[in-house]
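Here is what each chain is made of, one letter per residue.
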Amino acid sequence: MPTVEKDVPFLSRQEVEIRAADVLREHGLESIPVDPVVLANRLGMAVYNAKFSDDNIVGMIAKRGDQITLLVNQSDPPFRKRFTIAHELGHHFLHLIGDGEFVDSEANLFRLPQDDQQDITPQRRREIQANMFAAALLMPADAVRSEWKRLHSVDAMARKFNVSEAAMGIRVGQLGLD
Ligand SMILES: [Zn+2]
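**Focus: the pairing of strand S2 (residues 57-64)**
Piece 1. For S2, the tally of buried residues reaches seven of eight residues, placing the bulk of the element in the interior.
Piece 2. Sheet topology places S2 next to strand S3 (residues 67-73); six bridges connect them, and they run antiparallel. Paired with Ala62 across the strands is Thr69, a residue of S3.
Piece 3. Here S2 hands over to S3 after two residues, with Gly65 in that stretch at a positive phi of 60°.

Following this line, the structure appears as structure tokens:
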């Protein structure tokens, strides 16, 4: 069991956005596309490709003292790996206060509602928050807004930010740009 708060606080999207923007600024990652592996490495974490016994697992983060290891499913496509790593970093910043780990299945990352944190278990609330963090990290709100003015195309934006078109489509909608 991860060492995390028993009651997972409701974090608004805005609060998660601010947290992610602070992280990018503090670690000097302000150019697009954001490389979550570089961020993990700057935080002293090792990131490895792994073959999990259960192929529904997309990634995990494990913290033991100063040692933090992040694993990502080696057979996932690059876009998905980037999102998974960013999601695990979300757990690091938002949820992992002591030693512990999160093991994430595809359902945690790619089949959860984008926003609604009401009436759900603390576990699922954490997953939604980690997904919000991942989107804000890979598609920083300010950068998305300014690039949208120039490109005005989800496809072109997806290429620019090195994310899937599906992820960018959702992000553009969240920011009220479409
Ligand atoms: Zn997760």
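Next comes the rest of the write-up.
**Considering the layout of surface pockets**
Piece 1. Roughly 400 Å³ of volume is contained in the largest pocket.
Piece 2. Around the largest pocket, the lining is made up of 21 residues, and of these Ala21, Pro140, Ala141, Asp142 and Ala143 lie nearest the centre.
Piece 3. Looking at the lining of the largest pocket, the elements with two or more residues in it are helix H1 (13-26), helix H6 (141-151) and helix H8 (165-174).
Piece 4. Broken down by element, the residue count for the lining of the largest pocket peaks at eight residues, all from H1.
Piece 5. Viewed by domain, the lining of the largest pocket spans two of them, domain 1 (13-138) and domain 2 (140-178), each represented by three or more residues.

**Points about the nonpolar core**
Piece 1. The biggest cluster of nonpolar side chains holds 47 residues, and the ones touching the most others in it are Leu89, Phe133, Leu137 and Met139.
Piece 2. Take this core: its biggest share by element is eight residues, from helix H5 (residues 122-138).
Piece 3. Formed jointly, this core draws a minimum of three residues from each of two domains, domain 1 (13-138) and domain 2 (140-178).
Piece 4. The residues contacting Leu137, other than those within four sequence positions of it, are Ala20, Val23, Leu24, Val34, Leu39, Ala86 and Leu89.
Piece 5. In terms of nonpolar packing, the next biggest core, distinct from the first, is built from five residues, Ala50, Phe52, Ile57 and Ala62 among them.

Conventions adopted
- Residues numbered from 1 in each chain as written.
- Predicted model: local features only at pLDDT ≥ 70, side-chain atom pairs only at ≥ 80, totals over all residues.
- Heavy atoms only, no water.
- Buried < 20%, exposed > 50% of the residue type's maximum accessible area, 1.4 Å probe, protein only.
- Helix = DSSP H or I, 4+ residues; strand = E, 2+ residues; numbered from the N terminus.
- Pairing = 2+ DSSP bridges.
- 1 Å grid on protein atoms, 1.4 Å probe; cavity = no way out; pocket = protein on both sides within 12 Å on 5 of 7 lines; lining within 4 Å.
- Points joined across faces, edges and corners; volume = space filled by probe spheres on them.
- Domains from an automatic or database assignment.
- Core = buried A, V, L, I, M, F, W, Y, C linked by side-chain atoms within 4.5 Å.
- Contact = heavy atoms within 4.5 Å.

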